[in-house]
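Residues per chain, in single letters:
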Amino acid sequence: MELAGALAEIARQSLAQDFRSIRPESARIVLVEGGAHVLPPFPDRLRDAARRDLERLGVEVRTGAVVTDVDEDGVTVSAGPAGAGPTLQRISTQTVLWAAGVAASPLAKSLGVPLDRAGRVTAEPTLSVPGYPAIFVVGDICAFVQDGKPLPGVAQVAMQQGRHAARNILRAIERRPLEPFRYKDYGTMATIGRGAAVGEIFGLKVSGFLAWLFWIFLHIFWLIGFRNRIVVMTEWAFAFLTFQRRVRLITGESAAFGRARARL
């Protein structure tokens, strides 16, 4: 969802004045979501706000649609109304961006313990591997269920698990009992585009420009080093005020152009 919003902004704002023979702003961007909503972990109000912001940017949002085939000419989508059989729809495109998650490191398979469908180890409450109390798993290789719900695969979970595993390793060295892990949820956010985001922070549900400001502040706050914070703040301020992005990539140059540049 965040990727679709960024592409829409790049096409309609950043690149709109860069070309004379094509119109980047006419690009068609389609977001296909297999579930009934975008951003399933968020409350209904924030889901609806995120969808409205995406559509305001010109993104076509198709929920309840599953991609069944991808080839060089486009994708085939299986979709249909509730209670009816699925129908196949064709979306012609030369560019397909797949954002369906990743599998865990193959290192997990070498442990010989049960894994979930993503290849992650179902950890003990102490983050140790079942049957191997001296081995701990954290982050993307760890499947941890808290209060009946699996923890999301985000950086904050991995950071907290890493610190807790380190403390338990020290306790094991000192022959003290290990402590169970408890994730502290400081909130979840998603940015849709320029001045638009949704978030659930410390129990507060925010959307729009206010949520976007929260998102910027939190990202800069968690960066390591004062210099990094200043650089990122400067880059973001430039992009916000000028509607431009500093990075430009030119690909597929012709052989004639390459030879001319070499002669120069």
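You'll find the structure just up there.
Read on for an overview of the structure. Keep in mind that this is a model prediction, so the values were computed, not measured.

Here is what the cut-offs are and how they apply
- Within any chain, residue numbers begin from 1 and follow the written order of that chain's sequence.
- Only residues with pLDDT of at least 70 are given local features in this predicted model, and only at 80 or more are side-chain atom pairs given and counted; all residues enter the totals for whole chains, interfaces and linings.
- The basis for the side-chain values is all heavy atoms of the structure; hydrogens and waters are excluded.
- The way it works is that DSSP assigns letters per residue, a run of H or I at least four long becomes a helix, a run of E at least two long becomes a strand, and they are numbered from the N terminus.
- Using a 1.4 Å probe on the protein chains alone, a residue whose accessible area is under 20% of its type maximum counts as buried, one over 50% counts as exposed, and one in between counts as partly exposed.
- When checking whether two residues touch, look at their non-hydrogen atoms; a contact exists if any pair is within 4.5 Å.
- Each polar contact in these results corresponds to two N or O atoms within 3.5 Å; when the atoms are within protein, one needs to be able to donate a hydrogen and the other to accept it, and residues that are neighboring in sequence are counted only if both atoms are side-chain atoms.
- Note on ring pairs: Phe, Tyr and Trp rings are taken, using the six-membered ring of Trp, and paired if centres are within 6.5 Å. Classes follow the plane angle, with under 30 degrees stacked, over 60 edge-to-face and the rest tilted.
- Patches here are clusters of residues that have more than 30% relative accessible area and form no salt bridge, with a 9 Å joining cutoff for like charges and a 5 Å cutoff for nonpolar side chains (Val, Leu, Ile, Met, Phe, Trp, Tyr).
- The protein chains shown are the only cover counted for residues, whose accessible areas, like all others here, come from Shrake-Rupley with a 1.4 Å probe.
- The salt bridge criterion pairs a side-chain nitrogen of Lys or Arg with a carboxyl oxygen of Asp or Glu, the two atoms within 4 Å.
- What makes two strands pair is DSSP finding at least two bridges between them.
- To form a nonpolar core, buried Ala, Val, Leu, Ile, Met, Phe, Trp, Tyr and Cys residues must be joined to one another through side-chain atoms within 4.5 Å.

1. Remarks on the environment of Thr 126
Working step 1: When you line up the elements, Thr 126 lands in the loop between β6 (121-122) and β7 (128-129).
Working step 2: For Thr 126, a relative accessible area of 15% gives the class buried.
Working step 3: Filtering out sequence-adjacent residues up to four positions away, Thr 126 remains in contact with Phe 136, His 164, Asn 168, Leu 178, Glu 179, Pro 180 and Phe 181.
Working step 4: Reaching out from Thr 126, the side chain makes a polar contact with the side chain of Ser 128 at a distance of 3.0 Å.

2. Let's talk about the packing of aromatic side chains
Working step 1: Inspection of every chain in the model, using the stated rule, returns two aromatic pairs.
Working step 2: Ring geometry for Phe 144 and Phe 181: centres 5.4 Å apart, planes at 80°, overall edge-to-face. Linking Phe 144 in the loop between β9 (142-143) and β10 (145-146) with Phe 181 in the loop between α3 (155-173) and β12 (188-193), this pair joins segments that are 37 residues apart in sequence. Each of the two residues, Phe 144 as well as Phe 181, counts as buried.
Working step 3: Measuring from ring centre to ring centre gives 5.6 Å for Phe 209 and Trp 212, while their planes differ by 35°; the resulting arrangement is tilted. Of this pair, Phe 209 and Trp 212 both sit in helix α4 (residues 209-221), three residues apart, roughly one helical turn.

3. Looking at a nonpolar patch on the surface
Working step 1: Together, Leu 3, Leu 7 and Leu 97 make up an exposed nonpolar region whose accessible area comes to about 260 Å².
Working step 2: Along the chain, Leu 3 turns up in helix α1 (residues 2-14).
Working step 3: Among the residues examined, Leu 3 registers a relative accessible area of 47% and is labelled partly exposed.

4. Some words on the pairing of strand β4 (residues 74-79)
In summary, the side chains of a regular strand alternate between the two faces of the sheet.
Working step 1: The element β4 is extensively covered by neighbouring structure, given that six of its six residues are classed as buried.
Working step 2: Judged from the five bridges that link them, strand β3 (residues 66-71) and β4 form a sheet pairing that is antiparallel. Its bridge partner lying in β4, Val 67 is registered against Val 77.
Working step 3: In textbook terms, the turn of a hairpin is the stretch between consecutive antiparallel strands, and for β3 and β4 this stretch comprises two residues.
Working step 4: Bridge count for β4 against strand β5 (residues 87-92) is six bridges, and the pairing is antiparallel. What sits directly across from Thr 76, in β5, is Arg 90.

5. So, the nonpolar core
Working step 1: In this structure, Met 1, Leu 54, Val 59, Ile 192 and Val 198 are the most contacted members of the largest nonpolar core, which totals 19 residues.
Working step 2: Per-element tally for this core: the top contributor is helix α2 (residues 44-56), with four residues.
Working step 3: Every residue in contact with Ile 192, bar those within four places of it in the chain, is listed here: Met 1, Gly 5, Ala 6, Ala 50, Asp 53, Leu 54, Leu 57, Ala 197 and Val 198.
Working step 4: Grouped together as the second largest cluster of nonpolar side chains are 16 residues, Ala 123, Phe 136, Phe 144 and Val 157 included.

6. Focus: α1
Working step 1: Taken together, the buried positions of α1 are Ala 4, Gly 5, Ala 8, Glu 9, Ala 11 and Ser 14.
Working step 2: On its buried face, α1 sits against β1 (29-33), α2, β2 (59-63) and β12.

7. Details of the pairing of β1
Working step 1: Here five bridges tie β1 to β2, and the two strands are oriented parallel to one another. Among the inter-strand pairings, Glu 33 is bridged to a residue of β2, identified as Thr 63.

8. A word on the side chain of Arg 47
Working step 1: Tracing the chain through its elements places Arg 47 in helix α2.
Working step 2: A polar contact of 2.7 Å, which involves the side chain of Arg 47, links it to the backbone oxygen of Pro 40.

9. Things to note about the pattern of salt bridges
Working step 1: For the structure shown, the criterion picks out 11 salt bridges.
Working step 2: The salt bridge involving Arg 56 is made with Asp 53; its shortest N-O contact spans 3.7 Å. Of this pair, Arg 56 and Asp 53 both sit in helix α2, three residues apart, roughly one helical turn.

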